[in-house]
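Read off the chains here:
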Amino acid sequence: MIPPALDVTDTRDPLGLLDLFGAPFVQDPYPWLDLLRSESPVHHDPGTGLWLVSRYADVRHVLMHPEVFLPDNAQNAVTPLPVAVLRILVRAGFTLPPALANNGSPSHPGLRRLVTRFFNAHRVATAVPVIERIADELLQPVASTLDATGEGDLFPSFAQTLPCRVLMDLLGVRGIAPATLIRWSDASLELFWGRPALERQRELAGLVADFHRWLTETVRDGSAPADSFIGALARHRLPDGTLLDVETAVGMCFFVFIAGQSTTGQLIATVLSRALAEPGMWPRVAGEEGLAEAWVEEVLRREPPVTSWRRITARATELSGVRLPAGAPLLLMLMGTGSDPEVFPAPERMCPHRENIRHHLAFGVGRHRCPGASLARTEAAVALRAAARRLPHIGQAAGSSENPVLGLLSFRAPLRVAVEQR
């Protein structure tokens, strides 16, 4: 299969034209992912230096063998940071020691258990009324804008804000505006997973430095309630019995805050956008039992917000017949695995209640499976159902196919969910 963005008369290898940050891939990655899966399932990308792994079976194998495929590079900056940018971060004392996603050390299980206590199924179920209340509160001004102007955008005021408000409630975070946390979190994603120009890198580094200073001060001042996430970090002991150091506690907060708000907001935006685009889906999810949850699961399969994740080989190994040297950086194409026809028949079709839908790898699998999966699923389903009930007479605005898309290395989602009153 040749991606439609390419000239079919071009005799060059189509994969030689692949640019993971380019508009053709960002706007429509599926033809490229299909091509990778069928023609070069373990493919070296000269643009990034990464080995792209795209088949479901291979990605699952990598995730299930962390002793061979290490998580150490999971949070490294994709684009090298020049000295001028590093100075900004150094002045803020910025450091990200291994905490969760990039931690393969003996400290990982205990830290993961700590996080899971705040995001387990029971705690998430208890939080549903809170999520519903916040969703209804955020939808009121959206509805007023639609009534007054006939149009609106569900992304900034609803999809993006809801998970931040919920996370602050669950983790006991006070004294900071949600908009500030969102700005800091999004800046961190762009700086470390994007390809920004130098001036933009400097701007982003300033925001990331502010984020890190605030986290450090919040962890150090000791005023966090004992039952809060930061309070639990302050009491946590490492395997050798010592208290968790401030730097690692800050790294934990950095990861959890970004994963808990930015990526969940991206998921909600995609869920809303895809439901609005699917004929007849919007009125159905408002009242049909279990449909919102099933729709979220299908979006996670086909269009997850975390599109890829990185690993590095601990030793020379082989994957799908390709010999990889020690230290080879891998990019696991999570989005591509959800469209693998060997696992999901007719993958291009959105089929809620698909029989094997929970087999997708949107949250990873194994030791590093996302501890916030239950919360993300629940928030997205509540958000979809609440929006469909509160705004029953809306549809996609004209020109919605032209909406901008977040195109970072590992994150993809609509940056607008433009709607109009019908």
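Refer to the structure above for everything that follows.
Conventions used here
- Residues numbered from 1 in each chain as written.
- Predicted model: local features only at pLDDT ≥ 70, side-chain atom pairs only at ≥ 80, totals over all residues.
- Heavy atoms only, no water.
- Axes fitted to C-alpha atoms, helices over the stretch in contact; angles between N-to-C directions.
- Helix = DSSP H or I, 4+ residues; strand = E, 2+ residues; numbered from the N terminus.
- Parallel < 35°, antiparallel > 145°, perpendicular 65-115°, else oblique.
- Left-handed = near helix turned anticlockwise from the far one by under 90°.
- Contact = heavy atoms within 4.5 Å.
- Pairing = 2+ DSSP bridges.
- Buried < 20%, exposed > 50% of the residue type's maximum accessible area, 1.4 Å probe, protein only.
- Phe/Tyr/Trp six-rings, centres within 6.5 Å; stacked < 30°, edge-to-face > 60°.
- Lys NZ or Arg CZ within 6 Å of the ring centre and 35° of its normal.
- Disulfide = S-S within 2.5 Å.

At a minimum axis separation of 9 Å, helix 10 (residues 198–220) and helix 12 (residues 246–277) run at an interaxial angle of 120 degrees. Comparing the axis directions of helix 10 and helix 12 gives the class oblique. Crossing of helix 10 over helix 12 shows right-handed handedness. Together, Val-208, Phe-211, His-212, Trp-214, Leu-215, Thr-216, Val-219 and Arg-220 of helix 10 and Val-246, Glu-247, Ala-249, Val-250, Cys-253, Phe-254, Phe-257 and Ile-258 of helix 12 make up the contact between the two elements.

Attention shifts here to the sheet that holds strand 4 (residues 151–153). Pairing between the strands of a sheet comes from backbone hydrogen bonds, and it takes one of two forms, parallel or antiparallel. Read from one edge of the open sheet, three strands run 4-12-9, paired in antiparallel fashion. Edge strands, defined here as strands with exactly one partner in the open sheet, are strand 4 and strand 9 (394–396). Strand-to-strand twist of the sheet, defined as the mean angle between neighbouring strand axes without regard to direction, takes the value 35 degrees. Along the sheet, helix 12 contacts strand 9 and strand 12 (418–421); its crossing angle with strand 9, the most-contacted strand, is approximately 95 degrees.

What follows is about the pairing of strand 5 (residues 309–313). The buried count for strand 5 comes to four of five residues, which makes it a mostly enclosed element. The pairing of strand 3 (residues 69–70) with strand 5 spans two bridges and is antiparallel. Residue Phe-69 lies in a different strand from strand 5, and its bridge partner there is Thr-313.

Turning to the sheet that holds strand 8 (residues 329–332), a few remarks are in order. Read across the open sheet, the five strands follow the order 1-2-8-5-3; overall the sheet is mixed. Both outer strands of the open sheet, strand 1 (42–45) and strand 3, are each paired with one neighbouring strand and no more. Sitting on the sheet, helix 3 (residues 56–64) is in contact with strand 1, strand 2 (50–53), strand 3, strand 5 and strand 8, with an inclination near 125 degrees to strand 8.

Moving on, we come to the packing of aromatic side chains. If you walk through the whole model with that rule in mind, you get twelve aromatic pairs. Taken together, a centroid distance of 5.7 Å and an interplanar angle of 75 degrees make the contact between Phe-94 and Phe-254 edge-to-face. Residue Phe-94 is located in the loop between helix 4 (83–91) and helix 5 (108–119), and its partner Phe-254 is located in helix 12; the two are separated by 160 residues in the primary sequence. Each member of the pair, Phe-94 as well as Phe-254, carries the same accessibility label: buried. A ring pair is formed by Trp-184 and Trp-214, whose centres lie 5.9 Å apart and whose planes are at 45 degrees; its orientation type is tilted. With Trp-184 in helix 9 (residues 178–193) and Trp-214 in helix 10, the pair connects residues that are 30 residues apart, well separated along the chain. The exposure class assigned to Trp-214 is buried, which follows from its relative accessible area of 13%. Through a chain of ring-to-ring contacts, the aromatic side chains of Phe-94, Trp-184, Phe-192, Phe-211, Trp-214, Phe-254 and Phe-257 assemble into a single cluster. The ring of Phe-344 carries the charged tip of Arg-301 above its face, separated from the ring centre by 5.7 Å. Lying over the aromatic face of Tyr-30, Arg-302 brings its terminal NZ or CZ to 3.7 Å of the ring centre.

Here we come to the state of the cysteines. Following the criterion strictly, the structure yields zero disulfides and no others. Cys-253 supplies the cysteine sulfur nearest to Cys-370, a cysteine that is in no disulfide, at a spacing of 16 Å. The exposure class assigned to Cys-370 is partly exposed, which follows from its relative accessible area of 26%.

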